[in-house]
Amino acid sequence: FMERLDWYEEYPTNPSTFILNGFMYSLIGLYDLWKTSPGHTQAEQLFKSGMESLVELLPFYDSGSATFYDLRHYTMKTAPKIARWDYHSTHINQLLLLSTVYNSSLLYTTAERWRGYMVGKRAPHN
């Protein structure tokens, strides 16, 4: 996915780490720019392309009982970095917000499953 999907990094690293909350913050900013600047087609294109990437990569952030902060376990071949609860709740809130402006049921259903992790639930695949 590293050469195939658009991803807006929070921190430039080599290889990329694919930090989830930073990427979703960039999508929210692009959406705001697109909607407040009529005719800003580049912001619209970047938002839509980024959302397609988010939908495709979102399952990789699900451990079955928590979220991963980033994808270093794929790109750097290291141990996964489980998101602290404050980042986990940020992931949920960002997904819920993005689900109101982008047509993908995956965003809402993932946010609800991740909300369950906060009270001890586990994903069926776990």
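Residues numbered from 1 in each chain as written. Predicted model: local features only at pLDDT ≥ 70, side-chain atom pairs only at ≥ 80, totals over all residues. Heavy atoms only, no water.

Draft legend 1. Broad picture of the overall build of the chain. Helix and strand counts for the chain come out as five helices and zero strands. Secondary structure elements in the chain, listed N-terminal to C-terminal, are α-α-α-α-α. At 15 Å, the chain has a C-alpha radius of gyration in line with the 14 Å of a compact globule built from 126 residues. A principal-axis box enclosing the C-alpha atoms of the chain has dimensions of 45 × 30 × 25 Å. (Helix = DSSP H or I, 4+ residues; strand = E, 2+ residues; numbered from the N terminus. Rg over C-alpha atoms; globule rule 2.2 N^0.38 Å.)

Draft legend 2. Fine view of helix 4 (residues 85-99). Here helix 4 is 15 residues long and its end C-alpha atoms lie 21 Å apart, about the 21 Å a rise of 1.5 Å per residue gives. If you check which residues of helix 4 are buried, you get His88, His91, Ile92, Gln94, Leu95, Leu96 and Leu98. Among the structural elements, helix 1 (20-36), helix 2 (41-57) and helix 5 (105-117) are those in contact with the buried residues of helix 4. (Expected span 1.5 Å × (residues − 1). Buried < 20%, exposed > 50% of the residue type's maximum accessible area, 1.4 Å probe, protein only. Contact = heavy atoms within 4.5 Å.)

Draft legend 3. Expanded view of unusual backbone geometry. In this structure, Pro15 follows Asn14 across a cis peptide bond, with omega equal to 0 degrees. Checked against the element boundaries, Pro15 lands in the segment before helix 1. A positive phi angle is found at Phe18, which is not glycine, with a value near 60 degrees. Mapped onto the secondary structure, Phe18 falls in the segment before helix 1. Of the residues examined, Phe18 reaches a relative accessible area of 3% and is grouped as buried. The backbone phi angle of Lys77 is positive, close to 55 degrees, even though this residue is not glycine. One can find Lys77 in the loop between helix 3 (72-75) and helix 4.

Draft legend 4. Representation of the confidence of the model for the chain. Taken as a whole, the chain shows an average pLDDT of 94; of its residues, 99% reach a score of 70 or greater. Element-level mean pLDDT values for the chain span from 94 in helix 3 up to 98 in helix 4. (pLDDT = per-residue confidence, 0-100.)

Draft legend 5. Molecular detail of the nonpolar core. By size, the foremost hydrophobic cluster in this structure holds 30 residues, and its most contacted members are Leu54, Tyr61 and Leu98. Elements that contribute at least two residues to this core include exactly helix 1, helix 2, helix 4 and helix 5. The element best represented in this core is helix 1, accounting for seven residues. In contact with Leu98, other than residues within four places in its own chain, are Met24, Leu27, Ile28, Phe47, Met51, Leu54 and Leu107. (Core = buried A, V, L, I, M, F, W, Y, C linked by side-chain atoms within 4.5 Å.)

Draft legend 6. Geometry of the side chain of Thr17. By secondary structure assignment, the location of Thr17 is in the segment before helix 1. Apart from residues lying up to four places away in sequence, Thr17 is in contact with Glu9, Asp70, Leu71, Arg72, Thr75 and Met76.

Draft legend 7. Summary view of helix 5. The terminal C-alpha atoms of helix 5 lie 19 Å apart, and with 13 residues this matches the ideal 18 Å at 1.5 Å per residue to within 8%. Those residues of helix 5 that sit buried are Leu107, Thr110, Ala111, Trp114, Gly116 and Tyr117. For helix 5, the secondary structure elements touched by its buried residues are helix 1, helix 2 and helix 4.

Draft legend 8. Quick look at the packing of helix 4 against helix 5. Close contact between helix 4 and helix 5 brings their axes to 8 Å; oriented N to C, the two are set at 155 degrees. In terms of axis orientation, helix 4 runs roughly antiparallel to helix 5. For the pair helix 4 and helix 5, the sense of crossing is left-handed. In contact with Trp85, His88, His91, Ile92, Leu95, Leu96, Leu98 and Ser99 of helix 4, helix 5 contributes Leu107, Tyr108, Thr110, Ala111, Glu112, Trp114, Arg115 and Tyr117. (Axes fitted to C-alpha atoms, helices over the stretch in contact; angles between N-to-C directions. Parallel < 35°, antiparallel > 145°, perpendicular 65-115°, else oblique. Left-handed = near helix turned anticlockwise from the far one by under 90°.)

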